[in-house]
2 protein chains.
Amino acid sequence: MGERDPTLMAGVPELVVLRLLAEREMYGYEIARTLKVVSRETLSLGEGVLYPALHAMEARGLLRPRPRQVEGRTRIYYQLTARGRRRLARLTANWQRMSAGVARILGTSGHD
Amino acid sequence: MGERDPTLMAGVPELVVLRLLAEREMYGYEIARTLKVVSRETLSLGEGVLYPALHAMEARGLLRPRPRQVEGRTRIYYQLTARGRRRLARLTANWQRMSAGVARILGTSGHD
DNA sequence: TTCCATACCTCGCAGCGCGAGGTATAGTCG
DNA sequence: CGACTATACCTCGCGCTGCGAGGTATGGAA
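Conventions and cut-offs
- Note on numbering: residues in each chain are counted from 1, in written sequence order.
- In the order they appear in the text, chains get letters beginning with A and ligands get numbers beginning with 1.
- pLDDT decides what is reported in this predicted model: residues at 70 or higher carry local features, side-chain atom pairs at 80 or more are listed and counted, and totals for whole chains, interfaces and linings draw on all residues regardless.
- The basis for every side-chain value is the complete set of non-hydrogen atoms in the structure, without hydrogens or water.
- On a range of 0 to 100, pLDDT expresses the predictor's confidence in each residue.
- Each helix corresponds to a stretch of at least 4 residues labelled H or I by DSSP, and each strand to a stretch of at least 2 residues labelled E; elements are numbered beginning at the N terminus.
- For this overlay, a least-squares fit was computed on C-alpha atoms, restricted to residues scoring pLDDT of at least 70 in both copies.
- Here, two residues are considered to be in contact whenever any of their heavy atoms come within 4.5 Å of each other.
- Nonpolar cores were defined as sets of buried Ala, Val, Leu, Ile, Met, Phe, Trp, Tyr and Cys residues, with membership established by side-chain atoms within 4.5 Å.
- With a 1.4 Å probe rolled over the protein chains alone, any residue whose accessible area is under 20% of its type maximum counts as buried; one over 50% counts as exposed, and the rest are partly exposed.
- Here, axes are lines fitted to C-alpha atoms. For helices the fit covers the stretch in contact, and angles between N-to-C directions go from 0 to 180 degrees.
- If an angle is under 35 degrees, it is roughly parallel; if it is over 145, roughly antiparallel; if it lies from 65 to 115, roughly perpendicular; otherwise it is oblique.
- In this classification, the charged set is Asp, Glu, Lys and Arg, the nonpolar set is Ala, Val, Leu, Ile, Met, Phe, Trp, Tyr, Cys and Pro, and all remaining amino acids, among them Gly, are polar.
- Here, strands pair whenever DSSP counts at least two bridges between them.
- For this description, a residue counts as near a given molecule or strand if any of its non-hydrogen atoms is within 4 Å of it.
- Throughout this description, a polar contact denotes any pair of N or O atoms lying within 3.5 Å of each other; where both atoms belong to protein, one of them has to be capable of donating a hydrogen while the other can accept it, and for residues adjacent in sequence the pair is counted only when both atoms sit in side chains.

Trainee: Whenever I open this one, the confidence of the model for chain A confuses me. Can you help?
Mentor: Averaged over every residue, the pLDDT of chain A is 92; the share at 70 or more is 94%. Across chain A, strand β1 (residues 26-27) of chain A holds the top mean pLDDT of 98, while helix α2 (residues 28-38) of chain A sits lowest at 90.

Structure, rendered in structure tokens:
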């Protein structure tokens, strides 16, 4: 299996969380589990990353929290705000541009 | 034009510098200029990033410095060490795995 | 009662990108 | 000669962010 490189993860949590929530509302634990499956372990966020990230995004008005009681336990579902959707679009564009740039460097010599 | 997102740049300088030096030895200023051209501005590293990165990599034994006098100015050419080549291989693998994971999340819904 | 899964949370460390600012030389233009 | 630009190196401190460790509480199964 492959090792994880923490430094390469910068900015990724915000991006993928926004992307997941664009599909449907989810709660924290669910996000963590979903990410593991969809990304095949390569992107798994620990709770020490996930919850602070969710709170920060909420504080910035990207997410709207919707707490619910389910079988005696509290789940905090999150929905994307309009601002969150805009943020996702921009972040996605930035990611793709940057990713393409790196790919161009990695893809051997300078064949344009 | 697209904006840059600093947080997405984490780990990128080390990766691209190693990749460039794998091709041929270069000096700092040259690396900065080359990067601008090859990546079409999307990856340009300021000198406040580049030089500290080079020193850190040298300290970790990834690069071998080769100072030369050229027309009265000092250039420090850098060559990859064996360790640097190994580091490049691992970093590249990590990058691709992570990048693929994000791409899978971004690529719409959960088809597969 | 013990244990595990669910479900939330916080704290402090460490790493890294970045802009601003600094030094010095060579060549050009007026 | 003096001013300016390009080359070529460097450092410092801010601020952000990922992360592991540790903590609380409930419900259900062994």
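Trainee: Looking at this structure, I do not really get the relation of the copies chain B and chain A. What am I missing?
Mentor: Two copies of a chain can be linked by a rotation about an axis combined with a shift along that same axis. The transformation that overlays chain B on chain A combines an axial shift of 0.0 Å with a rotation of 180°, and the residual RMSD is 0.1 Å. The two molecules are tied by a two-fold rotation axis, judged by turn and shift. The C-alpha atom lying nearest the rotation axis in chain B is that of Ala 10 of chain B; the distance is 3.0 Å. Comparing interface residues between copies, 100% of those in chain B also lie at the interface in chain A; the contact surface is shared.

Trainee: Honestly, the nonpolar core in this entry has me stumped. Any pointers?
Mentor: The nonpolar side chains of a soluble globular protein tend to be buried, and buried together. Counting 58 residues, the largest nonpolar core has Ile 31, Leu 63 and Met 98 of chain A together with Ile 31, Leu 63, Trp 95 and Met 98 of chain B as its most contacted members. Excluding residues within four positions of it along the chain, Leu 63 of chain B makes contact with Leu 18, Leu 21, Leu 54, Met 57, Glu 58, Tyr 78, Gln 79, Leu 80 and Thr 81 of chain B.

Trainee: When you look at the packing of helix α1 (residues 12-23) of chain A against helix α3 (residues 47-59) of chain A in this model, what are you seeing that I'm missing?
Mentor: Any two packed helices are characterised by the angle at which their axes cross and by the distance between the axes. All names here are of chain A. Interhelical geometry of α1 versus α3 gives an angle of 70° and a closest axis separation of 10 Å. Compared by their axis directions, α1 and α3 come out roughly perpendicular. Between α1 and α3, the contacting residues are Pro 13, Glu 14, Val 17 and Leu 18 on the first element and Val 49, Leu 50, Leu 54 and Met 57 on the second. Split by residue class, the contact of α1 with α3 holds seven nonpolar, no polar and one charged.

Trainee: So what exactly am I meant to see when it comes to the sheet that holds β1 of chain A here?
Mentor: Backbone hydrogen bonds are what pair the strands of a sheet, in a parallel or an antiparallel way. All names here are of chain A. Strand order in this open sheet of three strands is β1-β3-β2, and the pairing throughout is antiparallel. Only two strands of the sheet have a single partner each, and these edge strands are β1 and β2 (63-70). Pairing of β2 with strand β3 (residues 73-80) involves eight bridges; the strand directions are antiparallel. Across the sheet, the residue bridging to Arg 68 is Arg 75, located in β3. Those strands touched by α3 are β2 and β3, and its axis lies near 125° from that of β2.

Trainee: How should I be thinking about the protein's contact with DNA strand D in this particular structure?
Mentor: The environment of DNA strand D is formed by 25 residues, the closest being Tyr 27, Tyr 29, Glu 47, Arg 75 and Ile 76 of chain B. Backbone atoms, meaning sugar and phosphate, form 63% of the atoms of DNA strand D found within 4 Å of the protein. Here Tyr 27 of chain B contributes a side-chain N or O atom positioned 2.8 Å from a phosphate oxygen of DNA strand D. For the surface near DNA strand D, the secondary-structure elements that each account for two or more residues are α3 of chain A together with α2 (28-38), α3 (47-59) and β3 (73-80) of chain B. Considering each element in turn, the surface near DNA strand D owes the most residues, five residues, to α3 of chain B.

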